[in-house]
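Spelled out, the chains give:
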Amino acid sequence: MSLTITWYGHSTFGIDADGAKLIVDPFLKPHNPVTSVVADDLEADFILVTHGHGDHMADLVALAKRTAAQVISNVEIATWLGRQGVAHAHGMNIGGASTLAFGRVKLTVAHHSSVLPDGTYAGNPNGFLINFNDGHDVYIAGDTALTYDMKLIGDVGGADLAILPIGDYFTMGPDDAVIAAQWIKAKHVIPCHYNTFPRIAVDVDAFARRLAREAGIDCTILAVGQSVAL
Ligand code: NI
Ligand code: MN
């Protein structure tokens, strides 16, 4: 029983959960400037979407149609996907959880903004807290500021892994991500949403050192295309 997590750059991850294939926030070549992977190369049983910005869903509609994956998003994005011809969209809302084949997924608060590419209202952005069937709890923050809501995740058992944006400018930066990791009671952090564009350039090695020194929390810095098993 294990999870294998692959980073495709920016906020795009693949998670293989005992054979169930999840893709988070599909943003791939040529949209994503740091990845060599195209959406056509990926398989998906489930696609998780945090919000409507293009750097999180540029490849969503095509990937969802080709794979017939179930999309997990908020209700506004799910409704919009239905109008794009995506048949299997699971429209939830913040605070709600749902049991799926790989585990239980809850939508969490994210302080950010959101709109779909055609200007359609996309509801509030969200993150995901996933209790995988193998026992691992994984928190995917999505694009967000540091928020006290993260303390709730720590209070209800923490997370074995927190996937946190650290790029600053559009989301929290490294200083706030060190605080977030502690509030979440994360055992392990994988950073994302950095070094994709000049605006979000970050010294990720310095972030990892600070996380270890100030919080005693392990950080795995993935190269684009690299995987780690939990
Ligand atoms: Ni965004
Ligand atoms: Mn973003």
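Our structure is the block above this text.
Reading the values: the criteria
- Each chain has its residues counted from 1, following the order in which its sequence is written.
- Whichever chain is written first is A, and whichever ligand is written first is 1; the rest continue in order.
- Totals for whole chains, interfaces and linings use all residues, but because this is a predicted model, local features are given only for residues with pLDDT of at least 70 and pairs of side-chain atoms are given and counted only at 80 or more.
- Excluding hydrogens and water, the side-chain figures rest on all heavy atoms present in the structure.
- Any N, O or S atom lying within 2.8 Å of the metal counts as a donor, with the limit raised to 3.2 Å for Na, K and Ca; because water is left out of the atom set, some sites can appear incomplete.
- Helix numbering and strand numbering both begin at the N terminus, where a helix is a DSSP run of H or I of at least 4 residues and a strand a DSSP run of E of at least 2.
- Three labels apply to residues, based on accessible area from a 1.4 Å probe with only protein chains included: buried if under 20% of the type maximum, exposed if over 50%, partly exposed otherwise in between.
- Think of a nonpolar core as a cluster: buried Ala, Val, Leu, Ile, Met, Phe, Trp, Tyr and Cys residues, connected wherever their side-chain atoms sit within 4.5 Å.
- The contact criterion used throughout is that any non-hydrogen atoms of two residues lie within 4.5 Å.

### Points about the coordination of the manganese ion (ligand 2)
In this structure, Asp55 (OD), His56 (NE2), Asp143 (OD) and His193 (NE2) serve as the protein donors to the manganese ion (ligand 2), at separations of 2.1 to 2.2 Å. Site description for the manganese ion (ligand 2): donor spacing in sequence, D-H-x86-D-x49-H. Taken as a pair, the manganese ion (ligand 2) and the nickel ion (ligand 1) lie 3.1 Å from each other and share Asp143 as a ligand. Of this pair, His56 sits in helix 1 (residues 54-57) while Asp143 sits in the loop between strand 10 (137-140) and helix 4 (149-155); the two residues are 87 residues apart in sequence, bridging distant segments of the chain. Across the pair, exposure class does not vary: His56 and Asp143 are buried alike.

### Re the nonpolar core
Grouped together as the largest cluster of nonpolar side chains are 51 residues, with contacts concentrated most on Phe102, Tyr139, Leu164 and Ile184. Here the element with the most residues in this core is helix 5 (residues 174-184); it accounts for five residues. In this view, Ile184 contacts Tyr139, Met150, Ile153, Gly154, Gly158, Ala159, Ala162 and Leu164; residues no more than four positions away in its chain are not counted. Among the nonpolar cores identified, the runner-up in size contains 21 residues, and Leu28, Ala39, Leu42 and Met57 belong to it.

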